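This is what each chain is made of:
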Amino acid sequence: LGYMEQKKNPIKVLFQKPEMGTILPLAILMIAVAIVNTNFFNISNILDILRTASFSFIVAVPITFLMSAGGMDLSIGAITSFGGIICAFCLKAGMPLPISIIIALLAGSTVGFLNGIIIVRFALPAFIATLGMQYVVNGIISVSTEALAISGFSDSFKAISQMRVGGLVPMPIIYAIAIGVVGHIVLSKTKFGRSVLAIGGNRETAYLAGINVTVKQILVYVFVGFFSALSGILIASRFATAQPAAGTGTELTIMASVIIGGTSMFGGQGTIVGSALGCILFATIQNVLIVMGISTFWQNLIFGVILLIAIFIDKYRRKAGGEE
């Protein structure tokens, strides 16, 4: 009977694949752009798209864990900026590069920990709590930098993101692949990953099954803060400048990438591969606007439409899977 139902509903079966919400629009977009602009598939352009996607994907990996656990975080853009600014301040103070990076990562992790404590321990809505934290962190950045960028870094710091493997592949792509592979293994193959999915599926059931729900939820927020700060450091290295607004606006784009990639915004389902495809989709759209000479003012409109589509796809996928 199940076989016959699948034969009768191929579209339903297709949309049950979590990554399908990204694969279809990405394939259609690439084909359309390739027809209009034959230089789109130039190796340098493709690497540029992947490098842009890498900065988002580094944050999207822990966000996939967080959303799989039923959480959300609107402060990731602010933490991204914060990581780059803290690292820059430390370097300007004469601290060694490794120490500066560690301090910046600890700063990001601390913000993530505070988010976790506020949301999990005090049972505040994640939307409001992380939005408030976004304002707090952005306020700290504005006061400490007077809204001015920090530059004048050493070659060793700039090499972190500007160096290319084999003289071709930018280092951020390598970092993103490594983090993505580890994230995929942890989420899909380990006890911790299964616990995260279980918490997102049903928090009470996960607790009754012996999972330390509180600790794992807080830990995921710490991971989000850590990798957001790491992304900020890499962005500062890439542009040789720590910008106070480096991560501004990335929170919704990254969460949209994760959702359209197949991670449920209601928890219980997550895919690192889908999140990678989602980040590539948004980076491709951004690249297409530039290559085709379309005003970047259209970018927010297009991203907003895609976010709405992602939500509908997520709802349909859940309904098709019998979750609603």
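Residues numbered from 1 in each chain as written. Predicted model: local features only at pLDDT ≥ 70, side-chain atom pairs only at ≥ 80, totals over all residues. Heavy atoms only, no water.

Participant: Explain the packing of helix α5 (residues 76-92) against helix α12 (residues 213-239) to me, using residue names and the numbers behind them.
Facilitator: Contact geometry for α5 and α12: axes closest at 7 Å, N-to-C directions at 55°. Between α5 and α12, the interaxial angle falls into the category oblique. Two packed elements cross with a definite hand, and for α5 against α12 that hand is right-handed. Taken together, the residues of α12 that come into contact with α5 (itself represented by I76, I79, T80, G83, G84 and C87) are V224, G225, S228, A229, S231, G232, I233, I235 and A236. Residues belonging to the contact of α5 with α12 are distributed by class as follows: 8 nonpolar, 7 polar and no charged. (Axes fitted to C-alpha atoms, helices over the stretch in contact; angles between N-to-C directions. Helix = DSSP H or I, 4+ residues; strand = E, 2+ residues; numbered from the N terminus. Parallel < 35°, antiparallel > 145°, perpendicular 65-115°, else oblique. Left-handed = near helix turned anticlockwise from the far one by under 90°. Contact = heavy atoms within 4.5 Å. Nonpolar A, V, L, I, M, F, W, Y, C, P; charged D, E, K, R; others polar.)

Participant: Just give me the short version of the nonpolar core, but keep the residues and values in it.
Facilitator: Counting 80 residues, the largest nonpolar core has I63, F65 and F157 as the members making the most contacts within it. The element contributing the most residues to this core is helix α4 (residues 43-68), with 12 residues. Ignoring any residue separated from it by four or fewer positions in sequence, one finds F157 in contact with C87, L91, L97, I233, A236 and S237. (Core = buried A, V, L, I, M, F, W, Y, C linked by side-chain atoms within 4.5 Å. Buried < 20%, exposed > 50% of the residue type's maximum accessible area, 1.4 Å probe, protein only.)

Participant: Which residues make up the pattern of salt bridges, and what values go with them?
Facilitator: Under the definition given, this model contains 2 salt bridges. Notably, a salt bridge pairs D48 with R51, separated by 3.2 Å at the nearest N-O pair. Of this pair, D48 and R51 both sit in helix α4, separated by 3 residues, roughly a single helical turn. Classification of D48 as partly exposed rests on a relative accessible area of 29%. The partner of D155 in a salt bridge is K158, with the nearest N and O atoms 3.5 Å apart. Within this pair, D155 and its partner K158 are both found in helix α8 (residues 155-162), separated by 3 residues, close to a single helical turn. The exposure class assigned to K158 is partly exposed, which follows from its relative accessible area of 23%. (Salt bridge = Lys/Arg side-chain N within 4 Å of Asp/Glu carboxyl O.)

Participant: With reference to specific residues and values, describe the layout of surface pockets.
Facilitator: Roughly 880 Å³ of internal volume is contained in the largest pocket. The wall of the largest pocket is formed by 36 residues, among which T52, S56, T250, Q286 and Q299 lie closest to the centre. Secondary-structure elements contributing two or more residues to the lining of the largest pocket are α4, α12, α13 (250-260), α14 (272-291) and α15 (297-320). With 8 residues, the single largest contributor to the lining of the largest pocket is α4. Grouping the constituent residues of the lining of the largest pocket by class yields 17 nonpolar, 16 polar and 3 charged. (1 Å grid on protein atoms, 1.4 Å probe; cavity = no way out; pocket = protein on both sides within 12 Å on 5 of 7 lines; lining within 4 Å. Points joined across faces, edges and corners; volume = space filled by probe spheres on them.)

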